[in-house]
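# Fold and geometry: a report
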Amino acid sequence: MTQKNYDLRKLINISIFSVLGFLIMFFTEISVFPAAFFLKYDCSEITSLLIAFKYGPQAGILTVIIRNMLFFMMKEGGGLAGIIASTFSSVLFVLIASLYYSKRKNMNTVYLSLFFAIIINAAAMVPINYSLITYIYKIPVDMGSTIIYGVIPFNIFKGILNSVILLFVYKKIWRFLEK
Amino acid sequence: MFDGILLGQYVSGNSFLYILNPVNKILFCFTFMVLIVCCQSIFWTVNLGFIVLLLFFSAKLPFLAVLKGMKTILFFLIITFIMHIFFTSQGQVIFQYSKIIITLEGLLNALLIFFRIFFIIMINSILTLTTQPTEIAWGFQKLLYPFKIFKFPVDEFALMLSLALRFIPVLFQELGKIIDAQKSRGAEFDSPSFIKKILSFPPILIPMFINSFFRAEEIAMAMEARCYSNSQNRTHFTKIHTGFEDLFFVIFYTFITLVYLYLYYFKSYDLSVF
(Lines give C-alpha, C1' and ligand atoms only; values in the text may rest on other atoms or scores of the structure.)
Protein backbone atom coordinates (compact mmCIF):
# COMPACT_ATOMS: atom_id res chain seq x y z
CA MET A 1 0.00 0.00 0.00
CA THR A 2 1.54 3.28 -1.05
CA GLN A 3 1.50 6.41 1.08
CA LYS A 4 -1.07 8.21 -1.08
CA ASN A 5 -3.28 5.18 -0.98
CA TYR A 6 -3.16 5.12 2.78
CA ASP A 7 -4.01 8.83 3.05
CA LEU A 8 -7.13 8.46 0.94
CA ARG A 9 -8.34 5.60 3.12
CA LYS A 10 -7.68 7.69 6.16
CA LEU A 11 -9.72 10.57 4.77
CA ILE A 12 -12.64 8.35 3.89
CA ASN A 13 -12.57 6.55 7.22
CA ILE A 14 -12.58 9.87 9.07
CA SER A 15 -15.59 11.13 7.16
CA ILE A 16 -17.55 7.89 7.47
CA PHE A 17 -16.89 7.62 11.18
CA SER A 18 -17.82 11.22 11.79
CA VAL A 19 -21.14 10.53 10.08
CA LEU A 20 -21.60 7.49 12.29
CA GLY A 21 -20.83 9.63 15.33
CA PHE A 22 -23.30 12.21 14.14
CA LEU A 23 -26.03 9.62 13.64
CA ILE A 24 -25.40 8.15 17.09
CA MET A 25 -25.42 11.63 18.61
CA PHE A 26 -28.59 12.54 16.72
CA PHE A 27 -30.64 9.54 17.76
CA THR A 28 -29.37 8.41 21.11
CA GLU A 29 -28.94 11.64 23.01
CA ILE A 30 -30.24 11.07 26.51
CA SER A 31 -30.78 13.93 28.92
CA VAL A 32 -29.57 12.70 32.26
CA PHE A 33 -31.69 15.17 34.07
CA PRO A 34 -33.99 17.55 32.28
CA ALA A 35 -33.31 20.65 34.38
CA ALA A 36 -29.83 20.94 32.91
CA PHE A 37 -30.38 20.40 29.22
CA PHE A 38 -26.68 20.76 28.45
CA LEU A 39 -25.84 17.59 30.35
CA LYS A 40 -26.59 15.08 27.66
CA TYR A 41 -25.13 11.66 27.29
CA ASP A 42 -24.47 10.04 23.96
CA CYS A 43 -21.87 7.47 23.04
CA SER A 44 -20.73 9.12 19.81
CA GLU A 45 -17.27 9.67 21.34
CA ILE A 46 -16.51 6.03 20.56
CA THR A 47 -16.31 6.63 16.82
CA SER A 48 -13.73 9.38 17.20
CA LEU A 49 -11.78 7.32 19.71
CA LEU A 50 -11.62 4.38 17.33
CA ILE A 51 -10.35 6.62 14.54
CA ALA A 52 -7.84 8.18 16.92
CA PHE A 53 -6.58 4.73 17.87
CA LYS A 54 -6.26 3.74 14.24
CA TYR A 55 -4.78 6.89 12.70
CA GLY A 56 -3.49 9.01 15.57
CA PRO A 57 -4.83 11.95 17.59
CA GLN A 58 -5.07 14.43 14.70
CA ALA A 59 -7.49 12.20 12.80
CA GLY A 60 -9.57 11.74 15.94
CA ILE A 61 -9.83 15.49 16.46
CA LEU A 62 -10.90 15.99 12.85
CA THR A 63 -13.60 13.38 13.36
CA VAL A 64 -14.91 15.28 16.36
CA ILE A 65 -14.91 18.59 14.49
CA ILE A 66 -16.74 17.20 11.45
CA ARG A 67 -19.27 15.41 13.64
CA ASN A 68 -20.09 18.59 15.52
CA MET A 69 -20.27 20.65 12.33
CA LEU A 70 -22.78 18.19 10.90
CA PHE A 71 -24.71 18.41 14.14
CA PHE A 72 -24.74 22.20 13.97
CA MET A 73 -26.01 22.11 10.38
CA MET A 74 -28.62 19.42 10.83
CA LYS A 75 -30.22 19.70 14.23
CA GLU A 76 -32.43 22.61 15.13
CA GLY A 77 -32.24 24.45 18.43
CA GLY A 78 -29.55 24.49 21.07
CA GLY A 79 -27.31 27.10 19.56
CA LEU A 80 -23.60 27.41 19.19
CA ALA A 81 -22.55 27.46 22.84
CA GLY A 82 -23.43 23.82 23.42
CA ILE A 83 -21.64 22.73 20.27
CA ILE A 84 -18.48 24.59 21.27
CA ALA A 85 -18.50 23.08 24.77
CA SER A 86 -19.09 19.63 23.34
CA THR A 87 -16.21 20.09 20.88
CA PHE A 88 -13.86 21.12 23.69
CA SER A 89 -14.81 18.16 25.81
CA SER A 90 -14.55 15.59 23.03
CA VAL A 91 -11.30 16.96 21.60
CA LEU A 92 -9.70 16.88 25.04
CA PHE A 93 -10.88 13.34 25.71
CA VAL A 94 -9.78 12.01 22.33
CA LEU A 95 -6.43 13.80 22.45
CA ILE A 96 -5.45 12.52 25.88
CA ALA A 97 -6.74 9.02 25.25
CA SER A 98 -4.86 8.55 22.00
CA LEU A 99 -1.64 10.51 22.53
CA TYR A 100 0.12 7.82 24.51
CA TYR A 101 -1.51 4.95 22.64
CA SER A 102 -0.13 6.22 19.34
CA LYS A 103 3.40 5.78 20.74
CA ARG A 104 2.95 2.41 22.35
CA LYS A 105 0.14 0.17 21.20
CA ASN A 106 -0.98 -2.39 23.74
CA MET A 107 -3.94 -3.02 25.98
CA ASN A 108 -2.32 -1.56 29.11
CA THR A 109 -1.80 1.82 27.47
CA VAL A 110 -5.45 1.80 26.44
CA TYR A 111 -6.58 1.36 30.05
CA LEU A 112 -4.09 3.89 31.37
CA SER A 113 -4.81 6.60 28.81
CA LEU A 114 -8.57 6.18 29.13
CA PHE A 115 -8.23 6.59 32.89
CA PHE A 116 -6.25 9.81 32.52
CA ALA A 117 -8.62 11.06 29.82
CA ILE A 118 -11.59 10.64 32.17
CA ILE A 119 -9.89 12.48 35.05
CA ILE A 120 -8.45 15.37 33.03
CA ASN A 121 -11.64 15.79 31.01
CA ALA A 122 -13.79 15.97 34.13
CA ALA A 123 -11.45 18.53 35.66
CA ALA A 124 -11.18 20.68 32.55
CA MET A 125 -14.92 20.75 31.88
CA VAL A 126 -15.54 22.54 35.19
CA PRO A 127 -14.26 25.99 34.14
CA ILE A 128 -15.82 25.63 30.68
CA ASN A 129 -19.23 24.68 32.05
CA TYR A 130 -18.96 27.26 34.78
CA SER A 131 -18.26 30.14 32.41
CA LEU A 132 -21.04 28.94 30.12
CA ILE A 133 -23.55 28.74 32.94
CA THR A 134 -22.75 32.00 34.67
CA TYR A 135 -22.04 34.07 31.60
CA ILE A 136 -24.50 33.01 28.93
CA TYR A 137 -27.38 31.83 31.08
CA LYS A 138 -26.58 34.31 33.85
CA ILE A 139 -27.43 31.88 36.61
CA PRO A 140 -26.44 33.46 39.96
CA VAL A 141 -22.98 32.44 41.12
CA ASP A 142 -23.98 30.48 44.24
CA MET A 143 -26.54 28.55 42.19
CA GLY A 144 -23.93 28.04 39.49
CA SER A 145 -21.52 26.39 41.89
CA THR A 146 -24.17 23.89 42.99
CA ILE A 147 -24.68 22.97 39.36
CA ILE A 148 -20.94 22.49 39.00
CA TYR A 149 -21.11 19.79 41.67
CA GLY A 150 -23.41 17.98 39.28
CA VAL A 151 -21.11 18.52 36.30
CA ILE A 152 -18.09 16.68 37.74
CA PRO A 153 -19.84 13.38 38.50
CA PHE A 154 -21.69 13.64 35.21
CA ASN A 155 -18.47 13.96 33.24
CA ILE A 156 -16.79 11.13 35.14
CA PHE A 157 -19.85 8.95 34.62
CA LYS A 158 -19.92 9.82 30.93
CA GLY A 159 -16.23 9.05 30.54
CA ILE A 160 -16.51 5.70 32.30
CA LEU A 161 -19.55 4.67 30.28
CA ASN A 162 -17.85 5.68 27.03
CA SER A 163 -14.69 3.79 27.98
CA VAL A 164 -16.59 0.64 28.91
CA ILE A 165 -18.51 0.60 25.63
CA LEU A 166 -15.32 1.42 23.75
CA LEU A 167 -13.39 -1.44 25.35
CA PHE A 168 -16.26 -3.79 24.61
CA VAL A 169 -16.38 -2.72 20.97
CA TYR A 170 -12.59 -2.52 20.66
CA LYS A 171 -12.11 -6.13 21.71
CA LYS A 172 -14.48 -7.25 18.98
CA ILE A 173 -13.08 -5.22 16.13
CA TRP A 174 -9.38 -4.70 16.89
CA ARG A 175 -8.44 -6.92 13.97
CA PHE A 176 -9.97 -4.39 11.61
CA LEU A 177 -8.24 -1.54 13.34
CA GLU A 178 -4.78 -3.06 13.02
CA LYS A 179 -5.15 -3.69 9.30
CA MET B 1 -37.28 4.53 16.93
CA PHE B 2 -36.25 6.34 13.75
CA ASP B 3 -39.62 7.05 12.21
CA GLY B 4 -40.58 10.36 10.70
CA ILE B 5 -37.29 12.16 11.11
CA LEU B 6 -36.09 14.48 8.39
CA LEU B 7 -32.47 15.48 8.37
CA GLY B 8 -31.55 19.06 7.64
CA GLN B 9 -33.78 22.05 7.93
CA TYR B 10 -33.49 23.73 4.57
CA VAL B 11 -36.75 25.28 3.37
CA SER B 12 -36.82 26.25 -0.29
CA GLY B 13 -37.63 29.83 -1.16
CA ASN B 14 -36.43 32.75 -3.22
CA SER B 15 -36.05 35.77 -0.97
CA PHE B 16 -32.86 37.82 -0.66
CA LEU B 17 -31.44 35.67 2.16
CA TYR B 18 -31.30 32.74 -0.25
CA ILE B 19 -29.15 34.58 -2.80
CA LEU B 20 -26.52 35.66 -0.29
CA ASN B 21 -23.14 34.02 -0.20
CA PRO B 22 -22.95 31.33 2.53
CA VAL B 23 -19.68 32.79 3.84
CA ASN B 24 -21.45 36.07 4.34
CA LYS B 25 -24.32 34.45 6.19
CA ILE B 26 -22.02 32.47 8.47
CA LEU B 27 -20.08 35.62 9.36
CA PHE B 28 -23.35 37.44 10.05
CA CYS B 29 -24.46 34.65 12.36
CA PHE B 30 -21.21 34.65 14.32
CA THR B 31 -21.09 38.41 14.79
CA PHE B 32 -24.73 38.67 15.82
CA MET B 33 -24.44 35.77 18.24
CA VAL B 34 -21.40 37.30 19.89
CA LEU B 35 -23.18 40.66 20.08
CA ILE B 36 -26.25 39.13 21.71
CA VAL B 37 -24.26 37.11 24.20
CA CYS B 38 -22.17 40.14 25.18
CA CYS B 39 -25.14 42.48 25.49
CA GLN B 40 -26.04 43.07 29.15
CA SER B 41 -29.13 45.25 28.76
CA ILE B 42 -32.61 44.14 27.82
CA PHE B 43 -33.35 47.18 25.76
CA TRP B 44 -30.39 46.70 23.42
CA THR B 45 -30.87 42.92 23.26
CA VAL B 46 -34.47 43.40 22.19
CA ASN B 47 -33.36 45.99 19.66
CA LEU B 48 -30.91 43.55 18.16
CA GLY B 49 -33.55 40.85 18.24
CA PHE B 50 -35.96 43.12 16.47
CA ILE B 51 -33.51 43.44 13.57
CA VAL B 52 -33.20 39.64 13.50
CA LEU B 53 -36.99 39.24 13.48
CA LEU B 54 -37.26 41.81 10.70
CA LEU B 55 -34.78 39.85 8.59
CA PHE B 56 -36.55 36.62 9.43
CA PHE B 57 -40.02 37.75 8.44
CA SER B 58 -38.96 39.77 5.42
CA ALA B 59 -37.45 36.57 4.03
CA LYS B 60 -40.81 34.81 4.64
CA LEU B 61 -39.25 32.05 6.70
CA PRO B 62 -41.51 29.67 8.64
CA PHE B 63 -41.68 30.76 12.26
CA LEU B 64 -43.21 27.44 13.28
CA ALA B 65 -39.99 25.58 12.43
CA VAL B 66 -38.10 27.69 14.97
CA LEU B 67 -40.67 27.11 17.67
CA LYS B 68 -40.44 23.38 17.04
CA GLY B 69 -36.70 23.58 17.51
CA MET B 70 -37.15 25.36 20.81
CA LYS B 71 -39.14 22.44 22.16
CA THR B 72 -36.00 20.66 23.36
CA ILE B 73 -34.82 23.47 25.60
CA LEU B 74 -38.21 24.80 26.64
CA PHE B 75 -38.08 23.07 30.00
CA PHE B 76 -34.67 24.50 30.79
CA LEU B 77 -35.83 27.96 29.72
CA ILE B 78 -38.78 27.80 32.11
CA ILE B 79 -36.59 26.56 34.99
CA THR B 80 -34.06 29.35 34.46
CA PHE B 81 -36.83 31.89 34.26
CA ILE B 82 -38.37 30.74 37.55
CA MET B 83 -34.99 30.50 39.22
CA HIS B 84 -34.09 34.03 38.26
CA ILE B 85 -37.40 35.44 39.38
CA PHE B 86 -37.62 33.72 42.77
CA PHE B 87 -34.01 33.31 43.82
CA THR B 88 -32.58 36.74 43.15
CA SER B 89 -32.71 38.57 46.46
CA GLN B 90 -30.83 41.77 45.66
CA GLY B 91 -32.40 44.80 44.07
CA GLN B 92 -35.64 46.69 44.39
CA VAL B 93 -38.59 44.64 45.65
CA ILE B 94 -41.63 44.88 43.43
CA PHE B 95 -43.78 42.09 44.80
CA GLN B 96 -43.88 40.41 48.18
CA TYR B 97 -46.16 37.74 49.57
CA SER B 98 -45.00 36.16 52.84
CA LYS B 99 -41.71 34.47 51.81
CA ILE B 100 -41.98 34.94 48.07
CA ILE B 101 -40.04 38.02 47.00
CA ILE B 102 -39.77 39.17 43.44
CA THR B 103 -37.17 41.81 42.75
CA LEU B 104 -36.82 44.04 39.74
CA GLU B 105 -33.34 42.73 39.07
CA GLY B 106 -34.49 39.11 39.09
CA LEU B 107 -37.28 39.87 36.67
CA LEU B 108 -34.97 41.77 34.33
CA ASN B 109 -32.37 39.00 34.43
CA ALA B 110 -35.01 36.37 33.67
CA LEU B 111 -36.31 38.37 30.71
CA LEU B 112 -32.79 39.00 29.44
CA ILE B 113 -31.94 35.29 29.43
CA PHE B 114 -35.21 34.43 27.78
CA PHE B 115 -34.66 36.93 24.97
CA ARG B 116 -31.02 35.96 24.63
CA ILE B 117 -31.68 32.26 24.09
CA PHE B 118 -34.68 32.92 21.88
CA PHE B 119 -32.80 35.28 19.57
CA ILE B 120 -29.72 33.05 19.39
CA ILE B 121 -31.96 30.28 18.11
CA MET B 122 -33.56 32.69 15.64
CA ILE B 123 -30.14 33.69 14.27
CA ASN B 124 -29.16 30.04 13.97
CA SER B 125 -32.33 29.35 12.05
CA ILE B 126 -31.71 32.18 9.60
CA LEU B 127 -28.55 30.37 8.54
CA THR B 128 -29.81 26.81 8.55
CA LEU B 129 -33.25 27.44 7.04
CA THR B 130 -31.96 29.38 4.05
CA THR B 131 -28.73 27.54 3.28
CA GLN B 132 -28.31 23.98 2.13
CA PRO B 133 -25.83 21.88 4.15
CA THR B 134 -23.53 21.56 1.14
CA GLU B 135 -23.44 25.34 0.85
CA ILE B 136 -22.70 25.74 4.56
CA ALA B 137 -19.87 23.23 4.13
CA TRP B 138 -18.56 25.28 1.22
CA GLY B 139 -18.74 28.42 3.35
CA PHE B 140 -16.83 26.82 6.20
CA GLN B 141 -14.20 25.63 3.75
CA LYS B 142 -13.67 29.18 2.47
CA LEU B 143 -13.57 30.55 6.02
CA LEU B 144 -10.96 27.99 7.05
CA TYR B 145 -8.46 28.94 4.32
CA PRO B 146 -6.44 31.26 6.59
CA PHE B 147 -5.73 28.27 8.85
CA LYS B 148 -3.54 26.82 6.11
CA ILE B 149 -0.70 28.77 7.70
CA PHE B 150 -0.97 26.50 10.76
CA LYS B 151 -0.82 23.43 8.49
CA PHE B 152 -4.51 22.72 8.95
CA PRO B 153 -5.49 20.38 6.08
CA VAL B 154 -8.17 22.63 4.58
CA ASP B 155 -8.65 20.86 1.24
CA GLU B 156 -8.75 17.45 2.84
CA PHE B 157 -11.14 18.80 5.42
CA ALA B 158 -13.46 20.09 2.70
CA LEU B 159 -13.38 16.71 0.98
CA MET B 160 -14.17 14.96 4.25
CA LEU B 161 -17.04 17.31 5.01
CA SER B 162 -18.64 16.88 1.60
CA LEU B 163 -18.15 13.10 1.72
CA ALA B 164 -19.74 13.10 5.17
CA LEU B 165 -22.75 15.07 3.94
CA ARG B 166 -23.13 12.67 1.05
CA PHE B 167 -22.97 9.63 3.31
CA ILE B 168 -25.51 10.68 5.92
CA PRO B 169 -28.52 9.18 4.09
CA VAL B 170 -26.61 6.05 3.03
CA LEU B 171 -25.34 5.23 6.50
CA PHE B 172 -28.69 6.18 7.97
CA GLN B 173 -30.35 3.55 5.83
CA GLU B 174 -27.74 1.01 6.82
CA LEU B 175 -28.25 1.80 10.48
CA GLY B 176 -31.98 1.17 10.04
CA LYS B 177 -31.25 -2.17 8.39
CA ILE B 178 -28.92 -3.28 11.17
CA ILE B 179 -31.44 -2.29 13.80
CA ASP B 180 -34.16 -4.26 12.02
CA ALA B 181 -31.84 -7.23 11.73
CA GLN B 182 -31.03 -7.17 15.44
CA LYS B 183 -34.69 -6.72 16.31
CA SER B 184 -35.56 -9.80 14.32
CA ARG B 185 -33.01 -11.64 16.50
CA GLY B 186 -34.89 -10.47 19.57
CA ALA B 187 -32.95 -7.35 20.59
CA GLU B 188 -34.79 -4.71 22.59
CA PHE B 189 -34.16 -1.05 21.75
CA ASP B 190 -37.14 0.81 23.12
CA SER B 191 -36.66 -0.11 26.74
CA PRO B 192 -37.25 2.81 29.08
CA SER B 193 -34.49 1.72 31.44
CA PHE B 194 -31.24 3.67 31.05
CA ILE B 195 -28.97 0.65 31.56
CA LYS B 196 -30.85 -1.46 29.02
CA LYS B 197 -30.67 1.41 26.55
CA ILE B 198 -26.89 1.62 26.95
CA LEU B 199 -26.52 -2.14 26.68
CA SER B 200 -28.40 -2.09 23.40
CA PHE B 201 -25.72 0.07 21.73
CA PRO B 202 -22.88 -2.46 21.10
CA PRO B 203 -24.99 -4.91 19.03
CA ILE B 204 -25.68 -2.01 16.64
CA LEU B 205 -22.23 -0.44 16.77
CA ILE B 206 -20.07 -3.48 16.06
CA PRO B 207 -21.61 -4.54 12.70
CA MET B 208 -21.89 -0.85 11.79
CA PHE B 209 -18.18 -0.23 12.37
CA ILE B 210 -17.04 -3.36 10.54
CA ASN B 211 -19.29 -2.54 7.58
CA SER B 212 -17.88 0.97 7.56
CA PHE B 213 -14.29 -0.23 7.27
CA PHE B 214 -15.24 -2.32 4.25
CA ARG B 215 -17.21 0.53 2.75
CA ALA B 216 -14.27 2.91 3.15
CA GLU B 217 -12.07 0.43 1.31
CA GLU B 218 -14.58 0.25 -1.55
CA ILE B 219 -14.90 4.02 -1.82
CA ALA B 220 -11.13 4.47 -1.79
CA MET B 221 -10.78 1.95 -4.61
CA ALA B 222 -13.55 3.62 -6.62
CA MET B 223 -11.93 7.02 -6.19
CA GLU B 224 -8.50 5.75 -7.17
CA ALA B 225 -9.97 4.03 -10.23
CA ARG B 226 -11.25 7.47 -11.25
CA CYS B 227 -7.77 8.95 -10.75
CA TYR B 228 -8.48 11.00 -7.65
CA SER B 229 -5.53 12.92 -6.31
CA ASN B 230 -5.56 15.68 -3.75
CA SER B 231 -2.47 17.42 -5.05
CA GLN B 232 -4.34 19.70 -7.47
CA ASN B 233 -6.81 22.48 -6.75
CA ARG B 234 -10.32 21.17 -6.82
CA THR B 235 -13.14 22.68 -8.83
CA HIS B 236 -16.80 22.67 -7.89
CA PHE B 237 -19.84 21.52 -9.80
CA THR B 238 -21.94 24.49 -8.72
CA LYS B 239 -20.56 27.98 -8.61
CA ILE B 240 -21.74 30.26 -5.83
CA HIS B 241 -21.63 33.89 -6.85
CA THR B 242 -21.08 37.01 -4.82
CA GLY B 243 -23.23 39.96 -5.86
CA PHE B 244 -24.25 43.42 -4.81
CA GLU B 245 -26.69 42.11 -2.24
CA ASP B 246 -23.73 40.61 -0.39
CA LEU B 247 -22.04 44.00 -0.28
CA PHE B 248 -25.20 45.62 1.11
CA PHE B 249 -25.57 42.87 3.67
CA VAL B 250 -21.97 43.22 4.83
CA ILE B 251 -22.38 46.98 5.16
CA PHE B 252 -25.64 46.44 7.05
CA TYR B 253 -24.30 44.13 9.73
CA THR B 254 -20.93 45.83 10.01
CA PHE B 255 -22.75 49.07 10.73
CA ILE B 256 -24.83 47.45 13.47
CA THR B 257 -21.75 45.78 14.96
CA LEU B 258 -19.93 49.11 15.06
CA VAL B 259 -22.90 50.77 16.77
CA TYR B 260 -22.91 48.06 19.42
CA LEU B 261 -19.16 48.21 19.90
CA TYR B 262 -19.53 51.95 20.43
CA LEU B 263 -22.20 51.29 23.03
CA TYR B 264 -20.08 48.71 24.85
CA TYR B 265 -17.01 50.83 25.17
CA PHE B 266 -18.17 54.41 25.39
CA LYS B 267 -21.55 54.23 27.03
CA SER B 268 -21.49 52.33 30.26
CA TYR B 269 -24.91 51.17 31.29
CA ASP B 270 -26.21 48.45 33.54
CA LEU B 271 -29.36 46.41 33.70
CA SER B 272 -31.51 48.69 35.77
CA VAL B 273 -30.88 51.69 33.54
CA PHE B 274 -32.01 49.83 30.41
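Since the structure is predicted, the reported quantities are computational estimates derived from the model, not experimental observations. (Residues numbered from 1 in each chain as written. Chains lettered and ligands numbered in written order. Predicted model: local features only at pLDDT ≥ 70, side-chain atom pairs only at ≥ 80, totals over all residues. Heavy atoms only, no water.)

### Examining the packing of helix 5 (residues 74-87) of chain B against helix 6 (residues 104-130) of chain B
All names here are of chain B. Following both chains from N to C, one finds helix 5 and helix 6 inclined at 160 degrees, their axes separated by 7 Å at the closest point. One way to sum up the angle between helix 5 and helix 6 is to call them roughly antiparallel. For the element pair helix 5 and helix 6, the recorded crossing hand is right-handed. Along its contact with helix 5, which presents Phe76, Leu77, Thr80, Phe81, His84 and Ile85, the element helix 6 presents Gly106, Leu107, Asn109, Ala110, Leu111, Ile113, Phe114 and Ile117. A class-by-class count of the residues in the contact of helix 5 with helix 6 yields ten nonpolar, four polar and no charged. (Axes fitted to C-alpha atoms, helices over the stretch in contact; angles between N-to-C directions. Helix = DSSP H or I, 4+ residues; strand = E, 2+ residues; numbered from the N terminus. Parallel < 35°, antiparallel > 145°, perpendicular 65-115°, else oblique. Left-handed = near helix turned anticlockwise from the far one by under 90°. Contact = heavy atoms within 4.5 Å. Nonpolar A, V, L, I, M, F, W, Y, C, P; charged D, E, K, R; others polar.)

### Some thoughts on the domain arrangement of chain B
Interfaces are often sized by the amount of accessible area the parts lose when they come together. Residue and element names in this part refer to chain B. Taken domain by domain, chain B holds domain 1 (1-131 + 243-274) and domain 2 (132-237). At the interface, 14 residues of domain 1 touch 15 residues of domain 2. Interface of domain 1 and domain 2: buried area, both sides summed, is about 1,300 Å²; carbon and sulfur atoms make up 84% of it. Remark: the boundary between domain 1 and domain 2 carries zero salt bridges. For the side of domain 1 that touches domain 2, the secondary-structure elements that each account for two or more residues are helix 2 (22-38) and helix 6. At five residues, the largest contribution of residues to the side of domain 1 that touches domain 2 is made by helix 2. Counted by class, the side of domain 1 that touches domain 2 contains ten nonpolar, four polar and no charged residues. (Domains from an automatic or database assignment. Buried area = accessible area lost by both parts, 1.4 Å probe. Salt bridge = Lys/Arg side-chain N within 4 Å of Asp/Glu carboxyl O.)

### Details of helix 2 (residues 45-55) of chain A
The buried fraction of helix 2 of chain A amounts to eleven of the eleven residues, a majority that puts the element mostly inside the structure. Gly56 of chain A occupies a position one or two residues after helix 2 of chain A and carries a positive phi of about 100 degrees. (Buried < 20%, exposed > 50% of the residue type's maximum accessible area, 1.4 Å probe, protein only.)

### Observations concerning the packing of helix 7 (residues 133-144) of chain B against helix 8 (residues 154-184) of chain B
Residues and elements named next belong to chain B. Packing of helix 7 against helix 8 leaves a shortest axis separation of 10 Å and a crossing angle of 170 degrees. In terms of their interaxial angle, helix 7 and helix 8 are classed as roughly antiparallel. Every residue of helix 8 that contacts helix 7 at Pro133, Thr134, Ala137, Gln141 and Leu144 is listed here: Val154, Asp155, Phe157, Ala158, Leu161 and Leu165. Looking at the contact of helix 7 with helix 8, its residues break down into eight nonpolar, two polar and one charged.

### Focus: unusual backbone geometry
All names here are of chain B. Despite not being glycine, Lys60 has its phi angle at roughly 55 degrees, a positive value. In this structure, Lys60 sits in the loop between helix 3 (42-58) and helix 4 (63-70). Within the chain, Cys227 stands out as a residue other than glycine whose phi angle is a positive 60 degrees. By the secondary structure assignment, Cys227 is in the loop between helix 10 (201-225) and helix 11 (244-266).

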